Structure formats: C-alpha cells, structure tokens
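Each chain is listed here by its residues.
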Amino acid sequence: MKTLVRPAVSLFLLLSAVTGLAYPLAVTGIARAVFPEQAAGSLILEDGQVVGSELIGQHFSDPKHFWGRPSATAPQPYNAAASSGSNLGPLNPALIEAVEARLEALRAADPGNARAVPVDLVTASASGLDPHISPAAALWQVPRVARARGLAEAQVRSLVEGHAEGRQWWLLGEPRVNVLKLNLALDALGQ
Amino acid sequence: MSLHAWLLLGAFLAVLLLTTKPLGLYIAHLMEGRLRWARPLENGLYRLCGVRPDEEMGWLRYALALLLFNALGVLAVYGLQRLQAVLPLNPQQMAAVAPDSAFNTAVSFVTNTNWQGYAGESTLGYLVQMLGLTVQNFLSAATGIVVVIALVRGLARHSASTLGNAWVDLTRATLYLLLPLSLAMAVFLVGQGVIQNFDAYREVATLEPAQSGPQLLAMGPVASQEAIKMLGTNGGGFFNANSAHPFENPTPLTNFVQMLAIFLIPAALCVTFGRMVGDTRQGWAILAAMTLLFVVGAWAAMSFEQQGNPRLAALGVDQAASVWQAGGNMEGKETRFGIATSALFATITTAASCGAVNAMHDSFTPLGGLVPLANMQLGEVVFGGVGTGLYGMLVFAVLAVFIAGLMIGRTPEYLGKKIETHEMKMSAIAILVTPLLVLLGTALAVSTEAGRAGIANPGTHGFSEILYALTSAGNNNGSAFAGLSANTPFYNLLLAAVMWLGRFGVIVPVLAMAGALAAKKRIAATAGTLPTHTPLFVALLIGTVLLLGLLNYVPTLALGPVVEHLVLWMKA
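Conventions and cut-offs
Residue indices follow the written sequence of each chain, beginning from 1 at its first position. Starting at A for chains and at 1 for ligands, labels are handed out in the order in which the entities are written. Only residues with pLDDT of at least 70 get local features here, since the model is predicted, and only at 80 or more are side-chain atom pairs given and counted; chain-wide, interface and lining totals rely on the full set of residues. Side-chain calculation: all heavy atoms of the structure are included, whereas hydrogens and water are not. UniProt positions are given in the numbering used here, feature names are shortened, and annotations may be inferred rather than shown by experiment. What counts as a helix is a DSSP run of H or I of at least four residues, what counts as a strand is a run of E of at least two, and both are numbered from the N terminus. Radius of gyration here uses only the C-alpha atoms, and the compact-globule reference equals 2.2 Å multiplied by the residue count raised to the power 0.38. Remark: exposure states derive from per-residue accessible area (1.4 Å probe, protein chains only) relative to the maximum for the residue type, with buried under 20%, exposed over 50%, and partly exposed in between. Throughout, a residue-residue contact means that at least one pair of heavy atoms, one from each residue, lies within 4.5 Å. The Shrake-Rupley method, run with a 1.4 Å probe, gives the accessible areas here. Residue values count only the displayed protein chains as cover. Helix axes are fitted to C-alpha atoms over the stretch in contact, other axes to C-alpha atoms as well, and angles between N-to-C directions run from 0 to 180 degrees. Every angle not falling under 35 degrees, over 145, or within 65 to 115 is termed oblique; those three ranges are roughly parallel, roughly antiparallel and roughly perpendicular. For a crossing to be left-handed, the near helix must be turned anticlockwise from the far one by less than a right angle; the clockwise case is right-handed. In what follows, salt bridge is the name for a side-chain nitrogen of Lys or Arg lying within 4 Å of a carboxyl oxygen of Asp or Glu. At least two DSSP bridges between two strands are required for those strands to pair. The source of the domain bounds is an automatic or database domain assignment. Note that patches include only residues with greater than 30% relative accessible area and no salt bridge, and the join distances are 9 Å for like charges and 5 Å for nonpolar side chains (Val, Leu, Ile, Met, Phe, Trp, Tyr). How far a helix is expected to stretch is found by multiplying one less than its residue total by 1.5 Å. To obtain the bend at a residue, axes are fitted to the seven residues ending there and to the seven starting there, and the angle between these axes is taken. Here the quantity called buried area is the accessible surface, traced with a 1.4 Å probe, that two parts lose on coming together, added over both. Under the scheme applied here, ten amino acids are nonpolar (Ala, Val, Leu, Ile, Met, Phe, Trp, Tyr, Cys and Pro), four are charged (Asp, Glu, Lys and Arg), and all others, including Gly, are polar. Note on terminology: pairs of cysteine sulfur atoms within 2.5 Å are recorded as disulfides. The criterion is simple. A nonpolar core is a set of buried Ala, Val, Leu, Ile, Met, Phe, Trp, Tyr and Cys residues joined through side-chain atoms within 4.5 Å. Within 3.5 Å is the distance limit for a polar contact, defined as a pair of N or O atoms, with the added protein rule that one can donate a hydrogen and the other accept it, and that residues adjacent in sequence qualify only through two side-chain atoms. For every residue, the predictor reports its confidence as pLDDT, a number between 0 and 100. In this scheme Phe, Tyr and Trp rings, the latter by its six-membered ring, pair at centre separations within 6.5 Å, and the angle between planes marks the pair as stacked below 30 degrees, edge-to-face above 60, and tilted otherwise. Look at NZ for Lys and CZ for Arg. If either is within 6 Å of the ring centre and within 35 degrees of the ring normal, a charge sits over the ring.

The name given to chain B in an unreviewed UniProt entry is Potassium-transporting ATPase potassium-binding subunit, with Azotobacter chroococcum as the source organism. What the UniProt record of chain B gives under Subcellular location (unreviewed entry) is the line "Cell membrane". The Subunit (unreviewed entry) field of the UniProt record for chain B holds the comment "The system is composed of three essential subunits: KdpA, KdpB and KdpC."

Under an unreviewed UniProt entry, the name given to chain A is Potassium-transporting ATPase KdpC subunit, and the organism recorded is Azotobacter chroococcum. Under the Subcellular location (unreviewed entry) heading, UniProt states for chain A: "Cell membrane".

Novice: Describe the overall build of chain A, and please don't skip the residues or the numbers.
Specialist: When its secondary structure is counted, chain A shows six helices and six strands. Secondary structure elements of chain A occur, N-terminal to C-terminal, as α-α-β-β-α-β-β-α-α-β-β-α. For 191 residues, the compact-globule estimate of 2.2 N^0.38 gives 16 Å, and chain A exceeds it by more than 25% at 22 Å. Reported as C-alpha extents along the three principal axes, the dimensions of chain A are approximately 80 × 45 × 35 Å. Here chain A, with 191 residues, has 54% of them falling under the buried criterion. Taking the contacts inside chain A whose residues are at least 6 apart along the sequence as the reference set, 58% of them involve residues at least 24 apart. Approximately 7,700 Å² of chain A is accessible, and the part contributed by carbon and sulfur atoms is 59%.

Novice: I'd love a proper account of the overall build of chain B, names of residues and values included.
Specialist: Each helix and strand counted, chain B has 20 helices and five strands in total. Relative to a compact globule of 572 residues, whose C-alpha radius of gyration would be 25 Å, chain B shows 23 Å and is just as compact. If one aligns the C-alpha atoms of chain B with their principal axes, the spans along those axes are about 80 × 60 × 45 Å. A fraction of 79% describes how many contacts in chain B between residues 6 or more apart in sequence connect residues 24 or more apart.

Novice: So what's going on with the packing of helix α4 (residues 99-110) of chain B against helix α19 (residues 489-519) of chain B? Which residues, and what values?
Specialist: Residues and elements named next belong to chain B. In the contact formed by α4 and α19, the axes pass within 9 Å of each other and the chain directions differ by 20°. Judged by the angle between their axes, α4 and α19 are roughly parallel. By crossing handedness, the relation of α4 to α19 is classed as left-handed. Where α4 approaches α19, its residues Asp-100, Ser-101, Phe-103, Asn-104, Val-107, Ser-108 and Val-110 are matched on the opposing element by Pro-489, Tyr-491, Asn-492, Leu-493, Leu-495, Ala-496, Met-499, Trp-500 and Arg-503.

Novice: I'd like to hear about the environment of Leu35(B), residue by residue, with values.
Specialist: All names here are of chain B. Note on placement: Leu-35 falls in the loop between α1 (3-31) and α2 (39-49). On the accessibility criterion, Leu-35 (16% relative accessible area) is buried. In this structure, Leu-35 is in contact with Tyr-26, His-29, Leu-30 and Tyr-176, ignoring residues within four places of it in sequence.

Novice: Outline the pattern of salt bridges, supporting the account with residue identities and numerical values.
Specialist: Note on pairing: side chains with opposite charge can pair once their charged atoms come close. All names here are of chain B. Per the stated rule, a full pass over the model turns up 21 salt bridges over all chains. Notably, a salt bridge pairs Arg-172 with Glu-42, separated by 2.7 Å at the nearest N-O pair. Taken together, the residues Arg-172 in helix α7 (residues 166-192) and Glu-42 in helix α2 connect sequence positions 130 residues apart. Judged by its relative accessible area of 12%, Arg-172 is buried. Residue Arg-157 pairs with Glu-56 through a salt bridge whose shortest N-O separation is 2.8 Å. Here Arg-157, found in the loop between α6 (126-156) and α7, pairs with Glu-56, found in the loop between α2 and α3 (59-83); they are 101 residues apart in sequence, far enough to count as distant. With relative accessibility at 24%, the residue Arg-157 sits in the partly exposed group. Look at Glu-56 and you get partly exposed, because its relative accessible area is 36%. One connected set of salt bridges, linked through shared partners, spans Arg-39, Glu-42 and Arg-172.

Novice: Explain the sheet that holds strand β6 (residues 176-178) of chain A residue by residue, including any values.
Specialist: Within a beta sheet, neighbouring strands are joined by backbone hydrogen bonds and run either parallel or antiparallel to one another. The antiparallel open sheet is built from three strands, whose spatial order is β4-β6-β5 (chain A). Looking at the sheet topology across the chains shown, the edges are occupied by β4 (132-133) and β5 (164-165) of chain A.

Novice: Describe the domain arrangement of chain A, and please don't skip the residues or the numbers.
Specialist: Structurally, chain A comprises domain 1 (1-40) and domain 2 (49-190). If you average the C-alpha positions of domain 1 of chain A and of domain 2 of chain A, the two centres end up 40 Å apart.

Novice: Describe a nonpolar patch on the surface, with residues and values.
Specialist: The grouping of Met1(B), Trp6(B), Val296(B) and Trp299(B) at the surface amounts to a nonpolar patch, some 400 Å² of accessible area in total. Counting through the fold element by element, Met1(B) comes out in the segment before α1.

Novice: Residues and numbers for helix α10 (residues 252-276) of chain B, please.
Specialist: All names here are of chain B. For α10, spanning 25 residues, the distance from its first C-alpha to its last is 36 Å, which sits close to the expected 36 Å at 1.5 Å a residue. At Leu-264, α10 shows its largest kink, close to 35°, and the proline Pro-266 lies no more than four residues downstream. Extensive coverage of α10 is indicated by the burial of 23 of its 25 residues.

Novice: Requested: an account of the interface of chain A and chain B, with residues and values cited.
Specialist: Listed per partner, the contact involves 105 residues of chain A and 117 residues of chain B. In total, about 8,900 Å² of surface goes out of reach between chain A and chain B, with carbon and sulfur atoms giving 68% of it. Looking at the side of chain A facing chain B, the largest losses of area belong to Phe12(A), Tyr23(A) and Asn87(A), adding up to 9% of the total buried there. The interface formed by chain A and chain B includes zero salt bridges. Among the secondary structure elements, those contributing two or more residues to the side of chain A that touches chain B are α1 (2-34), α2 (36-39), β2 (49-53), α3 (93-109), β3 (117-118), β4, α4 (135-149) and α6 (179-190) of chain A. The residue makeup of the side of chain A that touches chain B, split by class, is 60 nonpolar, 33 polar and 12 charged.

Novice: Provide a residue-level description of the state of the cysteines, including the pertinent values.
Specialist: Summed over the entire model, instances satisfying the criterion amount to zero disulfides over all chains. Among the cysteines around Cys354(B), which has no disulfide bond, Cys270(B) carries the closest sulfur, lying 17 Å off.

Novice: Give me the pairing of β2(A): which residues, what numbers.
Specialist: Residues and elements named next belong to chain A. For β2, the buried fraction is high: four of the five residues fall into the buried class. Bridge analysis of strand β1 (residues 43-46) against β2 gives four bridges, and the strand direction is antiparallel. Looking at β2, one finds that Ile-44 is bridged to Gly-52. Hairpin connection, β1 to β2: the antiparallel pair is bridged by two residues, and Asp-47 has positive phi, about 50°.

Novice: Give me the lowdown on the nonpolar core, citing residues and values where you can.
Specialist: Core analysis: the biggest nonpolar cluster contains 214 residues, and Phe294(B) and Tyr414(B) have the highest contact counts within it. Shared between two domains, this core takes at least three residues from each, and those domains are domain 1 (1-40) and domain 2 (49-190) of chain A. Once residues within four sequence positions are removed from consideration, Phe294(B) is found in contact with Leu9(B), Phe12(B), Leu13(B), Phe263(B), Leu344(B), Thr347(B), Ile348(B), Ala351(B), Val382(B) and Phe383(B). If you look at the next biggest cluster of nonpolar residues, it comprises 39 residues, including Phe60(A), Leu106(A), Val145(A) and Leu186(A).

Novice: Go over the side chain of His245(B), please, and point to the residues and values.
Specialist: Following the sequence through the fold, His245(B) ends up in the loop between α9 (222-231) and α10. A polar contact is formed between the side chain of His245(B) and the backbone nitrogen of Phe247(B), at a distance of 3.0 Å. For His245(B), the residues in contact, after removing those within four places along its chain, are Ile56(A), Ser83(A), Ser127(A), Leu129(A), Glu121(B), Phe239(B) and Arg336(B).

Novice: Kindly report on the confidence of the model for chain B, identifying the contributing residues and their values.
Specialist: Residues with a pLDDT of 70 or more make up 100% of chain B, whose mean pLDDT is 97. Interface predicted TM-score (ipTM) for the complex: 0.97; the corresponding pTM is 0.97.

Novice: Tell me what's going on with the packing of aromatic side chains, and back it up with residues and numbers.
Specialist: What the rule picks out here adds up to 17 aromatic pairs over all chains. Among the aromatic residues, ring-to-ring pairing joins Phe12(B), Phe256(B), Phe263(B), Phe294(B) and Phe383(B) into one connected group. The positively charged end of Arg144(A) is found above the aromatic ring belonging to Trp67(A), 4.1 Å away from the centroid.

Next up, the structure:
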C-alpha cells in the first residue's frame with residue numbers, strides 16, 4: 001500500500017496540472033488568436049454599445065418587437081446569469097395555467113389574430129435563454145408587429161423570411177429565426 | 001417517426017461507425033504500449049512520480065491504486081470548492097460551497113456521474129471548474145477506460161498473475177487519447193460560438209432596457225470543459241442548463257458533434273476489445289447488441305416527443321410539425337434543436353452514461369421520459385460510459401454464456417476461459433449492486449419527509465423524479481428530472497453514497513473477475529462451445545440485458561411514467 005501512495009499523489013498532482021491548467025490555458029490561447037469574437041461571447045455592437053449576444057435571447061414584451069420563447073429563469077426572464085428550464089411535467093396544472101396565460105397575452109396584443117398559436121411561443125425553452133423562435137412563431141406575430149409600427153404586413157413578413165434559417169445540410173437542427181437579430185433589423189427599418 | 005428523424009439517426013450512426021474502427025485500433029495500440037509520440041512527457045511524469053512503467057500489478061493492487069487515486073480526487077474537488085472564496089480566478093466572488101453540496105459534487109465528478117445539485121454559473125468560480133471539475137472529467141474517464149482494458153487483458157492473457165500497471169494505463173489514456181481529442185474538439189466548439197475566456201460576467205444593454213433592464217451574461221472557460229465533458233461521457237455542464245445553454249451548445253452542428261463525442265470512445269472500445277483478444281468479430285458482436293438496443297430507444301423517444309401534449313392541444317396550441325416549425329412537445333426544448341435532435345440527444349446521453357442534456361427531461365412526455373430512465377436502468381451498457389459501458393456489457397456476456405450453458409447442459413466458457421463459480425459470483429455482484437442501490441434509495445427517499453420534500457411536480461410524476469435521481473446516481477449517469485430539489489443535505493449525502501457504491505461496487509468485482517480470468521488456462525474451442533460472435537449470441541446478450549432490466553425495474557416504471565401516460569391520454 002505504501003508503495004502506491006507516492007505515485008498516486010504525484011501523478012494526481014501532475015495530471016491535474018496538465019488537464020486542469022495547461023489544457024484550458026492552451027485552449028484559451030488558441031481561441032483568442034483564432035476566434036476572438038466567439039470566445040468572448042459573440043457580442044453585438046450597436047453605435048458603440050454592446051446590446052447583447054447573438055447567441056443569448058432577450059426578453060421582449062413591446063408589441064413593436066417580435067417576442068421570443070417564454071423563459072423560466074428566475075428572478076426575471078432571460079436571466080443570463082442563471083439559466084434554467086421550467087421542469088414542469090406534461091400533466092402539471094402549473095404548466096397548463098402558464099400556457100393559458102401566455103395564450104391570453106398573445107391574443108390580447110393581437111385580438112384579430114384567430115390562427116392557432118405555434119407551440120414554441122407558449123412553452124418555456126430548456127435554457128431560458130433560447131435566442132430563436134420557429135419561423136411559424138415569427139410569422140404568427142407579423143400582423144401585430146406591422147400594425148404597431150405602421151408598416152405593411154408584406155414588408156415585415158419578408159423581413160422574417162429573410163432572417164429564417166433552415167436546417168443545416170437539410171438534416172441538422174430545425175428551422176428558426178434569431179429574435180434579437182430580427183428585432184435589430186426591424187428597429188433599423190424604422191430609422 | 002418522420003423521415004427527417006430517421007435520416008438524422010442514420011447519419012449519426014453512419015458517421016459514428018466510420019470513426020469506430022480507426023479509433024478502436026488506435027486505443028489498442030496505445031494500451032499495448034506501441035505509441036511513442038508523447039514518450040518524453042510520459043517518461044518525465046513516471047520519473048517524477050517514481051513509477052516503474054514495466055512493473056505489472058495484480059488485480060488487487062490495480063484496484064487499490066485506482067481507489068486511492070480516485071479518493072484523492074474527491075479530496076481535491078471538495079477542498080477546492082470549500083476554499084474557492086480565497087482562491088484566484090473567481091471574478092464573481094463566489095462564496096465557499098456548503099459542505100454537503102461540495103461533497104456531493106466531488107463524489108459526483110470523481111465517479112464520472114456528474115450529477116449536479118448546484119447551478120454552475122451561480123455557484124462555482126473558474127478555478128474550481130478547471131482544476132476541480134475539468135481534471136476529474138479527464139481522470140474519471142481514464143479510470144473507466146483502464147478498468148475495461150484490465151478486464152480485456154484478463155480475457156486475453158492466460159496463466160498470468162497481472163493485469164498491467166494502473167499508473168501507466170491512466171497516464172496513457174489521458175495523454176494520448178483524451179487530451180488530443182479534447183483539444184481539437186474544444187477549438188472547434190469555440191469556432192462555433194462556445195465561449196472560452198476568464199472575463200467577469202458581462203453586462204449588456206438590451207433592446208428593451210426600459211422594460212427589462214440590462215442583461216448579465218455569464219462567462220468562463222467553457223469550451224475546454226465542454227469538450228471533455230462529452231468525450232469522457234461525464235456530462236456535468238459549466239452552466240445550469242448544460243448543453244441546452246447556447247454558450248455550451250450554440251448550433252445544430254455543435255450538437256451533432258457533441259452527440260458523436262459521447263459515443264465515440266465507448267463504440268471504439270468494442271473494436272479495441274476485439275483486437276486485444278485476437279478476434280475482432282467478438283467486438284463487433286458486442287457493438288451490434290449495443291446498437292440494436294440504442295436504435296429502439298431512439299425511435300421510441302423521438303416518436304413520443306413528436307406526439308406532443310394532448311392537454312396543450314386541447315387549448316388550441318399548434319403542435320403539428322411543418323416546414324416552419326418542429327411542433328411536438330416543446331416545453332423544455334430549444335428551438336434550434338426541436339424534437340428529433342432533443343429526443344435523440346436524450347437517448348444518447350442516457351444510453352451512454354454521459355448525462356449531459358440539451359433539453360429538460362423532466363418536461364418530456366411520460367413515455368418519452370421513460371426512454372432515458374430505462375436506458376439507465378439497463379445498467380448503462382448500451383454503449384455506456386467510456387470503459388464502464390463495455391465492462392458492464394462484458395459482465396452481461398459472461399452471464400449470457402452462463403445462462404446458455406445451463407440451457408444446453410455444458411460448462412460455460414467465454415473467449416476460451418471457463419466461467420466458474422468465482423466469475424459468476426463477481427458478475428452477480430457487479431450486476432446486482434446498482435439495482436439494489438437504486439431501489440433501496442428510492443424506497444428510502446419516498447418514505448421519508450426529507451425525500452418527498454424535494455418533489456416539484458405533483459402526482460405520479462413526482463415519484464418519477466425521485467426514481468430518476470436514484471437511477472441516475474446509481475448508474476453514474478448524472479442527468480436528472482431536474483425539478484427535484486436535490487441540493488439538500490438528505491439528497492446530497494444519499495446520492496453521494498449511491499454514486500460511490502454504484503461506481504466502485506462494480507469496478508472492484510470486475511477487476512477481481514479480470515484477475516481470476518487472467519490466471520486461467522486457455523481451453524480450445526470444441527463442437528460444444530457456444531460461439532460468441534454470431535447473431536444468435538447477439539440476441540442472447542440483448543435478451544439477458546433486457547431480462548435483468550425488466551425484472552428489476554418494471555414495477556417502478558409502472559408506478560411512474562406508465563400511469564402518467566395513461567392519465568395524460570385518458571379521455572376527460
């Protein structure tokens with residue numbers, strides 16, 4: 001047993017230094033040199049101010065903006081320092097109540113819209129920071145946004161379609177729209 | 001299941017199988033000591049540590065070395081968490097972690113479980129994430145690999161008293177296999193948007209600052225940890241949301257690579273095994289059994305999640321899949337992954353004992369959530385963790401030849417080794433220790449106030465949450481029905497005990513069996529020998545795995561997800 005202690009302790013310390021210090025520092029060095037923007041969080045600059053990250057969703061409640069996925073983070077939605085899903089089970093009454101409230105809010109903001117609401121617009125994302133909604137969820141909101149901004153629906157719709165990404169190589173992931181980028185483009189239209 | 005979902009599953013398996021043979025042969029070369037490109041570093045480490053690389057160990061010494069090495073890991077991770085307030089690289093000034101939580105996390109990462117009672121971005125500083133958790137991601141993976149290599153040597157050698165040198169095996173698995181793969185994957189991940197920095201959390205203005213205020217973005221050295229988290233089937237996220245967090249898993253492509261990374265080494269080790277015992281067909285047979293079990297699980301999970309939630313359909317929510325949306329049960333899922341990718345990831349992460357999640361399993365449909373649960377309950381042998389999956393499956397193979405031997409009335413043998421009383425005792429312990437821990441632990445938790453207090457979802461789903469936690473801990477998976485409030489002294493200590501015993505309560509008997517097998521003479525195959533590379537044996541092996549799993553767990557599944565499914569789809 002005694003002959004095991006020295007190799008155990010020293011090997012543990014040395015392999016810790018290799019995998020826990022040298023390795024992450026090497027990755028950081030390479031990342032900074034090759035992909036500096038990604039390594040820092042893919043931040044979006046507007047007029048010299050960082051307005052967000054293109055990978056992290058933001059909370060939108062103004063009818064003039066497209067709204068994103070409901071977020072279950074606490075204490076406020078889209079808390080990017082405390083990612084979380086709702087973890088509500090499919091039978092949980094709290095889930096049904098939450099979905100009903102979201103449906104009501106969407107309908108209240110757009111009373112004339114009788115189409116069925118796409119599911120991702122009323123269900124919380126896994127991270128609480130989902131930057132995307134489905135193109136269906138964006139198209140559903142076009143009439144409201146167009147009216148609130150006094151724009152033609154066709155113009156807003158074509159903006160949405162221009163921002164829609166398909167599956168990668170027809171295979172990976174799902175069709176989606178980045179809500180923050182879409183809203184930035186909308187705001188740019190208005191200026 | 002849609003055509004797209006089938007294509008995704010097919011593409012995943014095709015790319016995986018392309019990597020399996022070359023990587024498997026590479027590992028065989030490595031573990032037989034024929035790779036030299038890191039020799040200067042390797043030999044330097046041995047000299048500093050007083051390791052004589054050609055000195056071999058018997059099974060007991062090998063087991064003691066691993067136990068000691070892993071116990072040091074628990075001490076280190078515990079100590080780092082308790083002291084993090086005074087250590088550097090902690091820009092958010094995270095406070096010391098509470099003793100019960102720190103102990104749970106230490107055991108969790110050392111045992112390759114990576115169960116997380118804490119939320120990463122609000123609990124741990126960067127130094128603990130790197131020097132505590134990333135290190136254990138490597139070393140626990142290396143531990144799993146060397147155990148299966150020792151078992152394979154036990155099968156390959158004859159009339160031998162030793163299984164190899166644990167220090168050399170650990171060093172080689174880390175330096176030649178895990179490190180280079182992780183380095184390449186980490187750089188790729190950063191290119192796709194995974195962050196890698198030591199900055200303080202970044203405050204950004206938002207588009208609606210008046211309504212929502214600014215947003216604080218969590219930062220950190222994520223990519224380096226993310227890569228080994230998947231390659232080592234560890235699964236412990238840098239952030240609370242794990243691989244659902246856009247900074248951990250930003251694109252469908254990173255997600256595909258992460259899924260591949262989980263199965264990469266477990267699949268390759270089957271080829272390594274075949275090569276080292278001198279009959280590659282043996283390895284392919286094991287891989288075939290794993291793949292068949294996996295495909296059934298993936299099909300079920302993807303189908304049930306796509307069905308959606310009838311209670312939401314009743315509210316008029318549109319859950320139909322179309323070109324414009326994934327549809328289905330989207331609660332707890334990310335838009336970029338949708339249904340097929342989320343359900344496939346859930347199947348992979350629980351078939352292998354990874355436990356990373358890109359969707360919240362707690363919000364899955366009852367039967368969609370049953371798949372991850374059942375995957376773990378089969379004993380983490382459907383690919384399983386790095387090393388652990390293959391040694392688990394080889395134990396089942398021993399059991400399968402034993403059952404076949406009983407049926408045809410001959411002494412069972414496997415790969416030219418007679419399977420006798422000692423081997424059967426050891427495999428029985430290795431197979432039964434986990435179900436015992438899971439079922440007794442679940443019984444304890446549901447029958448105590450402290451256990452029931454953690455439940456988040458009412459009704460039968462609450463039972464599933466507890467069952468899932470114990471199943472995940474006992475089988476060293478680490479995923480969760482995360483609604484359960486498990487960061488309490490009760491769960492932290494119960495789950496830590498279950499994780500430790502579920503890991504080393506299997507490793508020690510496996511090594512004991514390896515030692516006994518190595519000592520045996522090799523016997524020639526006769527007409528009465530059951531061939532173990534045929535479709536018949538693959539079926540027998542699958543049957544054995546399923547039979548044990550069903551016998552152990554069907555009552556619990558009936559009480560949890562099955563009842564929930566019936567209630568959900570009941571006509572009101």
